[in-house]
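Structural characterization, general
Residue-level listing of the chains:
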Amino acid sequence: MTVARKRTHGTLVVLMSICLSAHVHPLFSQAFTRYNYASQAGGGSLNFQIAPFDEETAGSPYYSEEWKKGAVYNRDNSYTELDQLKYNLHLGELVFVYNGTQYIIPRKEQIVRFTLGEEEFTGAFDGARYSFYKMLEPGEAMVILKKFHCSITKGEPSKGYIPATKDQYVVRESIYVLKPGQDALELNPKKGMKLLSYVHDKRGEMEEYIKSNKLKMKSLEDLTAAVRHYNSISSKNAGTVK
């Protein structure tokens, strides 16, 4: 067994070469081989995280601190259900528990979507990288997504009577729209009229809908209403964003 350690801010990630024995429960063996695209014998590389929190960093890097049931759906049409799943926003990775150890699911580009409790997330490129997005508004021709960006704000050293402050995880959110087969595009709901640039095929109808319904297109609610209308008037053959 070969172990290589690499420390990152807030986590200690361990890369282990491991061969699964025949005594491992077949469901978990199947999950590991799916995640790692390993041989039928069950060998593969697993990333796992043994120190998910850095006590010197305030806050949490996770979408939810609670472990939740979930399912991961892959590009090869396989899927795996998990009893304990988390989404690490800072790493941009999914973490699950097996035999008390926290594993990071590798090759996230192979994950089409996943569920976390009752919530659904989808994977997409934004023109530069592959990330996960929370599904806000599903649809056949266009969906609305929310992306979470987690960074670390550096703390301040003690200054006399002013105590030192810790580094802190800071999460911000942004809204995206996505068409089947295309990259996700960031769209500020306060500038919702930019949606018209993405709906060339139905622009005239969309302009009429926005005008007749007196949508100001400066809120997520108005953007959602417009996208719902776009889905309703778009061809049923447009495909479904998964």
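Residues numbered from 1 in each chain as written. Predicted model: local features only at pLDDT ≥ 70, side-chain atom pairs only at ≥ 80, totals over all residues. Heavy atoms only, no water.

1. A few points about the overall build of the chain
Inclusion rule: Each helix is a run of DSSP H or I of at least 4 residues and each strand a run of E of at least 2, with the numbering of both proceeding from the N terminus. Whether a residue is buried, partly exposed or exposed follows from its accessible area with a 1.4 Å probe, protein chains only, as a fraction of its type maximum: under 20%, in between, or over 50%, in that order. Residue contacts follow a heavy-atom distance rule, with two residues in contact if any of their heavy atoms lie within 4.5 Å.
Broken down by element type, the chain carries three helices and 14 strands. Classification of the 242 residues of the chain by burial places 43% in the buried group. In the chain, once contacts between residues fewer than 6 apart in sequence are set aside, the share between residues at least 24 apart is 55%.

2. A word on unusual backbone geometry
Here R107, not a glycine, exhibits a phi torsion of approximately 50°, which is positive. Mapping R107 onto the fold places it in the loop between strand 8 (101–104) and strand 9 (111–116). Phi at M217 is positive, roughly 55°, even though this residue is not glycine. Position of M217 among the secondary structure elements: in the loop between helix 2 (203–212) and helix 3 (220–233).

3. Notes on the pairing of strand 7 (residues 93–98)
Stated formally: A strand pair is defined by DSSP finding two or more bridges across the two strands.
The buried count for strand 7 comes to five of six residues, which makes it a mostly enclosed element. Relative to strand 7, strand 6 (residues 79–88) runs antiparallel, the two sharing four bridges. Bridge assignment links Y87 to a residue of strand 7, and that residue is L94. In terms of strand pairing, strand 7 meets strand 8 through four bridges, oriented antiparallel. Residue pairing in the sheet places F96 in a bridge with Y103 of strand 8. What sits between the antiparallel neighbours strand 7 and strand 8 is a turn of two residues, in which N99 has the positive phi angle 55°.

4. Thoughts on the confidence of the model for the chain
Rules: pLDDT gives the predictor's per-residue confidence on a scale running from 0 to 100.
When pLDDT is averaged along the chain, the result is 78, and 74% of the positions lie at 70 or above. In this model residues 1–52 is a low-confidence stretch, pLDDT under 50, and it forms 107 contacts with partners more than four residues away in sequence or in other chains.

5. Some remarks on the nonpolar core
We count it as follows: Buried Ala, Val, Leu, Ile, Met, Phe, Trp, Tyr and Cys residues form a nonpolar core when they are joined through side-chain atoms within 4.5 Å.
Ranked by internal contacts, the top residues of the largest apolar core, which has 19 residues, are Y87, L94 and F114. Put simply, the parts of the chain that give this core at least two residues each are strand 6, strand 7, strand 9, strand 11 (130–137) and strand 12 (143–153). Not counting residues within four places of it along the chain, the set of residues in contact with L94 comprises V72, L85, K86, Y87, Y103, I104, I105, I111, F114 and F132. In terms of nonpolar packing, the next biggest core, distinct from the first, is built from 18 residues, A141, L195, L196 and V227 among them.

6. Considerations on the environment of S78
Applied cut-off: Here a polar contact means two N or O atoms within 3.5 Å. Within protein one must be a hydrogen donor candidate and the other an acceptor candidate, and residues neighboring in sequence count only if both atoms are side-chain atoms.
Relative to the helices and strands, S78 resides in the loop between strand 5 (68–74) and strand 6. Look at S78 and you get buried, because its relative accessible area is 13%. Separated by 33 residues in the primary sequence, S78 and I111 have C-alpha atoms spaced 9.8 Å apart. Reaching out from S78, the side chain makes a polar contact with the side chain of D76 at a distance of 2.5 Å.

7. Considering the packing of aromatic side chains
In this description, a pair of aromatic rings is defined by centroid distance and the angle of the planes. For clarity, the cut-off: The criterion for an aromatic pair is that two Phe, Tyr or Trp rings (for Trp, the six-membered ring) have centres within 6.5 Å, with stacked assigned to planes under 30 degrees apart, edge-to-face to planes over 60 apart and tilted to the rest. Geometrically, a lysine NZ or arginine CZ counts as sitting over a ring once it is within 6 Å of the ring centre and also within 35 degrees of the ring normal.
By the definition in use, this model includes 13 aromatic pairs. Aromatic side chains Y63 and F121 sit 5.2 Å apart centroid to centroid with 85° between the ring planes, which places their arrangement in the edge-to-face category. You can see Y63 sitting in the loop between strand 4 (57–58) and strand 5 and its partner F121 sitting in strand 10 (residues 119–125), a full 58 residues away along the chain. Here Y87 and F121 contribute two aromatic rings whose centre-to-centre distance is 5.7 Å and whose plane-to-plane angle is 75°, an arrangement assigned as edge-to-face. Linking Y87 in strand 6 with F121 in strand 10, this pair joins segments that are 34 residues apart in sequence. Through successive ring pairs, a cluster of aromatic residues spans Y63, Y87, F114, F121, F125, Y130, F132 and F148. A cation over a ring is seen here: K86 above Y62, with NZ or CZ 4.5 Å from the ring centre. We note R113 situated over the ring of Y73; from NZ or CZ to the ring centre the distance is 3.9 Å.

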